[in-house]
Amino acid sequence: MKRLLPAVALIGLGLVAACSNPVPEGESALDISGAYIVMPAGGQGIASGGLVVKVRGTDEMLTGVTTDAADSVELHTMAMDNGVMRMRQVESFPVTEKAPLVLERGGNHLMLFGFDKSLAVGDSADLVLTFSDGQGKEQMMVTKAEIIGQAD
Ligand SMILES: [Cu+2]
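Residues numbered from 1 in each chain as written. Predicted model: local features only at pLDDT ≥ 70, side-chain atom pairs only at ≥ 80, totals over all residues. Heavy atoms only, no water.

Some words on the overall build of the protein chain
Scanning the protein chain from terminus to terminus reveals one helix and 10 strands. Listed by position from the N terminus, the elements making up the protein chain come as α-β-β-β-β-β-β-β-β-β-β. Looking at the protein chain residue by residue over its 152 residues, the buried ones come to 34%. A fraction of 68% describes how many contacts in the protein chain between residues 6 or more apart in sequence connect residues 24 or more apart. Looking at the protein chain as shown, the accessible area adds up to about 9,400 Å², and 56% of this sits on carbon and sulfur atoms. (Helix = DSSP H or I, 4+ residues; strand = E, 2+ residues; numbered from the N terminus. Buried < 20%, exposed > 50% of the residue type's maximum accessible area, 1.4 Å probe, protein only. Contact = heavy atoms within 4.5 Å. Areas by Shrake-Rupley, 256 points an atom, 1.4 Å probe, with all protein chains shown as cover.)

Okay, here's the thing in structure tokens:
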């Protein structure tokens, strides 16, 4: 029985490490999920997209996105202005432990210009996201976005 104890203890530590390994001081761990691009209507070259970014550790900002699937990608807000929904381009979106970044249709979103017309619903495209911690440290993350239909 005594011999088993160290092994059990090690397994216990391993599980804890996998779930919530601490992020070193001054660093961050980013997690990106649920990325999608909405297929443009009627063969137009402008598509919108969404994703969720979570961070553990220091605050981050999403400062840029690129993809092979489009010529350029902008970060857009969507807000009511005198009763009309308006989109506006912004330089960055913040993401903190307390406030994950949610980009989605009808809210803050990605806007892709010059969308690759050879792509179809069901395909996927890589999005390359650039994050800055505001202190000069940048990191890039790649996530796969599913291309979905207008009604999906
Ligand atoms: Cu937009």
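That shown, we press on.
Looking at the coordination of the copper ion
Tetrahedral coordination by four donors sets the ideal angle at the metal to 109.5 degrees; octahedral coordination by six donors sets it to 90 or 180 degrees. Protein coordination at the copper ion: the donors are His76 (ND1), Met87 (SD), His109 (NE2) and Met111 (SD), at 2.0 to 2.3 Å from the metal. Angles of 91 to 119° at the metal separate the four donor atoms of the copper ion, which places the site in the tetrahedral class. In primary sequence terms, the donor set of the copper ion follows H-x10-M-x21-H-x1-M. Residue Met87 is located in strand β5 (residues 84–90), and its partner Met111 is located in strand β8 (residues 109–113); the two are separated by 24 residues in the primary sequence. Judged by relative accessible area, which is 10%, Met111 ranks as buried. (Donors = N, O, S within 2.8 Å, 3.2 Å for Na, K, Ca; no water. Tetrahedral: all angles 85-135°; square planar, octahedral: opposite > 155°, others 65-115°.)

Examining the pattern of salt bridges
Here the structure, examined in full by the defined rule, presents two salt bridges. The salt bridge involving Asp81 is made with Arg86; its shortest N-O contact spans 2.9 Å. With its nearest N and O atoms 3.1 Å apart, the salt bridge here joins Lys144 to Asp126. Taken as a pair, Lys144 in strand β10 (residues 138–148) and Asp126 in strand β9 (residues 124–132) lie far apart in primary sequence, 18 residues in all. Its relative accessible area of 55% is what places Lys144 among the exposed residues. (Salt bridge = Lys/Arg side-chain N within 4 Å of Asp/Glu carboxyl O.)

Points about the pairing of β10
Relative to β10, strand β1 (residues 28–38) runs parallel, the two being bridged by three bridges. Looking at the pairing, Val38 lines up with Ile148 of β10. Linking two consecutive strands that pair antiparallel, namely β9 and β10, is a turn of five residues; a positive phi of about 80° is found at Gly134 within it. (Pairing = 2+ DSSP bridges.)

Some thoughts on the environment of Ser92
By the element assignment, Ser92 lies in the loop between β5 and β6 (93–95). Note on Ser92: relative accessible area 25%, which makes it partly exposed. Ignoring anything within four residues of it in the chain, the contact list for Ser92 reads Met61, Leu62, Thr63 and Leu75.

Side note on the pairing of β8
Of all five residues that make up β8, four are buried, and the element is covered over most of its length. Two elements, strand β4 (residues 72–81) and β8, share five bridges in a ladder whose sense is antiparallel. Bridging across to β8, Glu74 finds its partner in Met111.

Here we look at the side chain of Ser28
Take Ser28: it is sitting in strand β1. A polar side-chain atom of Ser28 sits 2.6 Å from a polar atom in the side chain of Glu60. A polar contact is formed between the side chain of Ser28 and the side chain of Gln139, at a distance of 3.0 Å. (Polar contact = N/O pair within 3.5 Å; in protein donor to acceptor, adjacent residues only side chain to side chain.)

Topic: the nonpolar core
Formed by 30 residues in total, the largest nonpolar core has its most connected members in Ile37, Leu51, Leu110, Phe115 and Leu127. Setting aside residues no more than four positions away along its own chain, Leu51 makes contact with Ile32, Ser33, Gly34, Ala35, Leu101, Val102, Leu103, Leu110, Leu127, Leu129 and Thr143. (Core = buried A, V, L, I, M, F, W, Y, C linked by side-chain atoms within 4.5 Å.)

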